[in-house]
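Observations on chain architecture
Listed here are the chains, written in short residue letters.
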Amino acid sequence: MKSKINIIDDITAPADATKVKYKGPKAVAILGMMPDLIKSTMKIPGKDLLETDIRWDVTSPKNDFYGVWMGKREEDNWTKTYVRVIVQGVHDPKDGTGNFYVQLKGTVETKYEYGNFIQRWFWWFYNYGFYYKQRRVYLEAAKDDIHSMRDKIRERFRIQQE
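Figured I'd write up the structure that's included with this text. This is a predicted model, so every value here is computed, not measured.

Examining the overall build of the protein
- Scanning the protein from terminus to terminus reveals two helices and six strands.
- The C-alpha atoms of the protein give a radius of gyration of 19 Å, which is well past the 15 Å a tight globule of 162 residues would have.
- The dimensions of the protein, computed from C-alpha atoms along their principal axes, are 65 × 35 × 25 Å.
- Among the 162 residues that make up the protein, the fraction classed as buried is 42%.
- Residue pairs in contact within the protein that sit at least 24 positions apart in sequence constitute 66% of those at least 6 positions apart.
- Put simply, the protein shows about 9700 Å² of open surface, and 53% of that area lies on carbon and sulfur atoms.
- Charge centroids of the protein, computed over 28 positive and 22 negative side chains, lie 1 Å from each other.

Set out below in structure tokens:
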């Protein structure tokens, strides 16, 4: 049986998430733009985009909506990047206005497998001696992806910088 060393870095640390708020016309358009935005920004194929939850409530005068997407990118044999986007908002079907709140967050996860204490020692040494810089490169690239998505949402909906 193989054991694992699992190292997880939060992309948006020290903040919990990167957030965007919007109130205005055509707020519901965010739901249609998210899948392509994640795929194009992270440069991943459709199979690595997971649409984990989409909800739409049409029972009230103003329609609530909610969506969760996750983009997964394999960086190399040991490291994967996960970016998660959560959108929730309200759409008024009478006049087409509404609002939404977007959270962008994610992790960079590295896993090493080992069978004995010598291999475990090797992986810890390798990680802190050599691979640490490469993991930082992946972390910065993921942070750039999240900021790029935030900026494209702001541009699309003409949201001013906070």
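Digging into unusual backbone geometry
- Residue P14 is bonded to the preceding A13 through a cis peptide linkage, with omega at 10°.
- Of note in this structure, K26 is not a glycine but carries a positive phi near 55°.
- With respect to the element layout, K26 can be found in the loop between β2 (18-25) and α1 (29-42).
- Phi at R158 is positive, roughly 55°, even though this residue is not glycine.
- Tracing the backbone through its elements, the reader meets R158 in the segment after α2 (117-157).
- Among the residues examined, R158 registers a relative accessible area of 74% and is labelled exposed.

A closer look at the pairing of strand β3 (residues 49-57)
- Where β3 and strand β4 (residues 63-74) come together, eight bridges link them in antiparallel fashion. Residue pairing for β4: D53 is matched across the bridge by V68.
- Hairpin geometry of β3 and β4 is characterised by an intervening segment of five residues between the two adjacent antiparallel strands.

Regarding the side chain of N127
- Positionally, N127 belongs in helix α2.
- For N127, a relative accessible area of 0% puts it in the buried group.
- With near-sequence residues (within four places) excluded, N127 lies in contact with I7, Y112, Y132 and R135.

Details of the packing of α1 against α2
- With their axes 10 Å apart at the nearest point, α1 and α2 run at an angle of 145° to one another. Between α1 and α2 lies a crossing of right-handed hand. Note on element contacts: α2 touches α1 through D145, S148, M149, K152, I153, R156 and F157, opposite A29, I30, M33, M34, L37, I38, T41 and M42.
- Among the residues forming the contact of α1 with α2, the class breakdown is 10 nonpolar, two polar and three charged.

Description of a nonpolar patch on the surface
- Residues W121, F122, F125 and F130 make up a contiguous nonpolar surface patch of roughly 500 Å² in combined accessible area.
- Mapped onto the secondary structure, F130 falls in helix α2.

Reading the values: the criteria
- Residues numbered from 1 in each chain as written.
- Predicted model: local features only at pLDDT ≥ 70, side-chain atom pairs only at ≥ 80, totals over all residues.
- Heavy atoms only, no water.
- Helix = DSSP H or I, 4+ residues; strand = E, 2+ residues; numbered from the N terminus.
- Rg over C-alpha atoms; globule rule 2.2 N^0.38 Å.
- Buried < 20%, exposed > 50% of the residue type's maximum accessible area, 1.4 Å probe, protein only.
- Contact = heavy atoms within 4.5 Å.
- Areas by Shrake-Rupley, 256 points an atom, 1.4 Å probe, with all protein chains shown as cover.
- Lys, Arg positive; Asp, Glu negative; His and termini not counted.
- Charge placed at Lys NZ, Arg CZ, Asp CG, Glu CD.
- Pairing = 2+ DSSP bridges.
- Axes fitted to C-alpha atoms, helices over the stretch in contact; angles between N-to-C directions.
- Left-handed = near helix turned anticlockwise from the far one by under 90°.
- Nonpolar A, V, L, I, M, F, W, Y, C, P; charged D, E, K, R; others polar.
- Patch = residues over 30% accessible without salt bridge, like charges linked within 9 Å, V, L, I, M, F, W, Y side chains within 5 Å.
- Salt bridge = Lys/Arg side-chain N within 4 Å of Asp/Glu carboxyl O.

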